[in-house]
Amino acid sequence: MDRLLLEPEIVELLRTAPRIAVVDAVRESLAAARTRRAGPPESWAADVRDRLSERTRPSLRPVLNATGVVLHTNLGRAPLAPAALAAMAAVAAGYSNLELDLDTGTRGSRGDHCRAPLRAVTGAEDALAVNNAAGALLLALGALAAGRDVVISRGELIEIGGSFRIPDILARSGARLREVGTTNRTHLDDYSKALDPNVAAVLTVHRSNFEQRGFVATAEGGALAALCREAALPYLIDVGSGLLADLSPWGLRDEPRVVEALATGADLVLFSGDKLLGGPQAGCIVGRRAAVARCREHPVARAVRADKMTLAALEATLALYLEPEQAVRTVPVLRMLTLEPEELERRAVRLAAACPRSLDPKLEQGRSAVGGGSFPGADLPTTLVSLDAGALGPDGLALRLRLGEPPVVPRIGGGRLLLDPRTLPENSFPAVGAALAEALRE
Ligand SMILES: *Cc1c(COP(=O)(O)O)cnc(C)c1O
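Residues numbered from 1 in each chain as written. Predicted model: local features only at pLDDT ≥ 70, side-chain atom pairs only at ≥ 80, totals over all residues. Heavy atoms only, no water.

A. Structural context of the pattern of salt bridges. By the definition in use, this model includes 33 salt bridges. With a shortest N-O distance of 3.3 Å, Arg347 and Glu426 are connected by a salt bridge. Of this pair, Arg347 sits in helix α17 (residues 341-354) while Glu426 sits in the loop between β18 (416-419) and α19 (429-441), and the two are 79 residues apart along the sequence. Where Asp420 meets Arg411, a salt bridge forms, and the shortest distance between an N and an O atom there is 3.3 Å. Put simply, Asp24, Arg27, Glu28, Asp47, Arg51 and Arg55 are held in one network by salt bridges that share partners. (Salt bridge = Lys/Arg side-chain N within 4 Å of Asp/Glu carboxyl O. Helix = DSSP H or I, 4+ residues; strand = E, 2+ residues; numbered from the N terminus.)

If you want it as structure tokens, here you go:
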């Protein structure tokens, strides 16, 4: 132990790591050498360095997503645009006017920072950004319906994933669930019959992550809004993904856009910041002034408030939408979703060229997925790089890739390892190639 700690290469490690961490790594290396059949490592210093970097490695770190799932919930959903990163870094590095009105020098409201851009891109009267969409729904229901009934279709009592269930959130908000209609069909009439003095609001929820086909019916949004207006009840729509851009030219339809939901005449529209909007984790509430004001003033607003980095990134992302054509190019999620098949093929050729020959890289036609519970039936053709994992098998190679640095998360299909260039940064292909080579070496 003492001798190892005097080795020049190990002494060198002490310059960048705390002594206690280096000593622990040396101890671990010695213990491993005693129990390993092959005996001591080829290089003590290299072994200690590896163990040290493993110990000091952060838990949360970047991953290369080769799955082709654009909004991968397990991989952090939406990557941010450079403008959002810059805004976040600028605000995080120092102090900011988070809650200071610079004009008057008096206390300002953090809610003001995203209000104008949210109104500008949606056309809503008022807006509020909170920590996430689940929080937005909890807040809106609590503010508008606590202690009273919320009418919702039986076909929309859904689970979004990650233990987010509409009936549970509704119960937690203090509101009572009033189910109407059936699983597959709910008519305007079902809603109108339910509207009695105990009802405080009507809620519709987008079926984000599944489709219903066949003998199905839902009440039309405009008619439902008119019914609520007549009954002087707020109508809330949880659209989920926060789609602001029109992606129909790319064949991506059937996902409600925020502006369309507002156009029905809804009082509040709720959506996520880090799904199709392509911004940071956030929950956006847009709609009529009076309804948004009730949300802003409710005590839960404090519990679900967004932090300064979120607000900075959201404001900067929303600014990109002021030029819709620019947004499709500069918001990474939209850029990935709208990549042309020819471009994906060109990228696949370059990605395949970066892969070790021994893996027999081949091109294969396949499909990417939007993910994040959006566009559940979308068809996104892509070109995959397909690899023969040999004796390791695709699962074995995938495991080694996940444990590498940086971790690479591939897909498996037809007994081969598949890489989808759609979700890989263009400049990451050499790193993917190097990760594969490293995985084969071990
Ligand atoms: C994803 C989703 C949510 C939850 O959004 P988070 O930002 O993850 O909290 C709520 N409602 C719908 C319809 C969704 O699709």
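B. Here's a closer look at the packing of helix α5 (residues 82-93) against helix α14 (residues 308-320). Taken N-terminus to C-terminus, the directions of α5 and α14 make an angle of 150 degrees; their axes are 8 Å apart at the nearest point. Comparing their axes, α14 and α5 come out roughly antiparallel. Here the hand of the crossing between α5 and α14 comes out right-handed. On α14, the residues that touch Ala83, Ala84, Ala87, Met88, Val91 and Ala92 of α5 are Lys308, Met309, Ala312, Ala313, Ala316, Thr317 and Leu320. (Axes fitted to C-alpha atoms, helices over the stretch in contact; angles between N-to-C directions. Parallel < 35°, antiparallel > 145°, perpendicular 65-115°, else oblique. Left-handed = near helix turned anticlockwise from the far one by under 90°. Contact = heavy atoms within 4.5 Å.)

C. Examining the site of the ligand more closely. Around the ligand, 13 residues are found, and the nearest of them are Ala134, Ser208, Asp238, Ser272 and Lys275. Asp238 has a polar side-chain atom sitting 2.6 Å from a nitrogen atom of the ligand. Contact with the protein chains removes 94% of the 380 Å² of surface that the ligand exposes when unbound. Only α7 (133-145) and β11 (235-240) provide two or more residues apiece to the shell around the ligand. (Near = heavy atom within 4 Å. Polar contact = N/O pair within 3.5 Å; in protein donor to acceptor, adjacent residues only side chain to side chain. Areas by Shrake-Rupley, 256 points an atom, 1.4 Å probe, with all protein chains shown as cover.)

D. Examining the domain arrangement of the protein chain more closely. If you check the domain split of the protein chain, you get domain 1 (2-56), domain 2 (64-74 + 334-441) and domain 3 (82-326). Taking only C-alpha atoms, the centre of domain 2 and the centre of domain 3 are 34 Å apart. Between domain 2 and domain 3, the residue contacts involve 14 residues of the former and 16 residues of the latter. Carbon and sulfur atoms supply 74% of the area that domain 2 and domain 3 bury against each other, a total of about 1300 Å² over both sides. Sorting the residues of domain 2 by area buried against domain 3 places Leu334, Phe375 and Pro376 first, and these three jointly supply 45% of that buried surface. (Domains from an automatic or database assignment. Buried area = accessible area lost by both parts, 1.4 Å probe.)

E. Just the environment of Val11, in detail. Relative to the helices and strands, Val11 resides in helix α2 (residues 8-13). Among the residues examined, Val11 registers a relative accessible area of 34% and is labelled partly exposed. For Val11, the contacting residues outside a window of four places in its chain are Leu5 and Leu6. (Buried < 20%, exposed > 50% of the residue type's maximum accessible area, 1.4 Å probe, protein only.)

F. Focus on α17. Helix length check: α17, at 14 residues, gives a terminal C-alpha distance of 20 Å against a target of 20 Å (1.5 Å per residue), a fit within 8%. Of the residues making up α17, those classed as buried are Glu343, Leu344, Arg347, Ala348, Leu351 and Ala352. Summarising the contacts, the buried residues of α17 are in contact with α16 (332-337), β14 (362-371), β15 (380-387), β18 and α19. (Expected span 1.5 Å × (residues − 1).)

G. View of the side chain of Ser173. With respect to the helices and strands, the residue Ser173 is situated in the loop between α8 (166-172) and β9 (176-180). Within the local environment of Ser173, its side chain forms a polar contact with the backbone nitrogen of Ala175, the two atoms lying 3.2 Å apart.

H. A look at the sheet that holds strand β13 (residues 283-287). Pairing within the open sheet is mixed, and its seven strands lie in the order β5-β13-β12-β11-β10-β6-β9. A single partner strand is all that each edge strand has here, and the edge strands are β5 (126-130) and β9. Across the sheet, the axes of successive neighbouring strands diverge by a mean angle of 25 degrees, strand direction being ignored. Running at roughly 160 degrees to strand β12 (residues 268-272), α7 makes contact with β5, β6 (149-153), β10 (199-205), β11, β12 and β13 of the sheet. (Pairing = 2+ DSSP bridges.)

I. Looking closely at unusual backbone geometry. Backbone torsion omega between Glu405 and Pro406 reads 0 degrees, so that peptide bond is classified as cis. With respect to the helices and strands, Pro406 occurs in the loop between α18 (393-403) and β16 (408-409). At Arg77, a position not held by glycine, the phi torsion is positive, near 55 degrees. Inspection of the secondary structure puts Arg77 in the loop between β2 (69-71) and α5. Despite not being glycine, Asp360 has its phi angle at roughly 50 degrees, a positive value. Its location among the elements puts Asp360 in the loop between α17 and β14.

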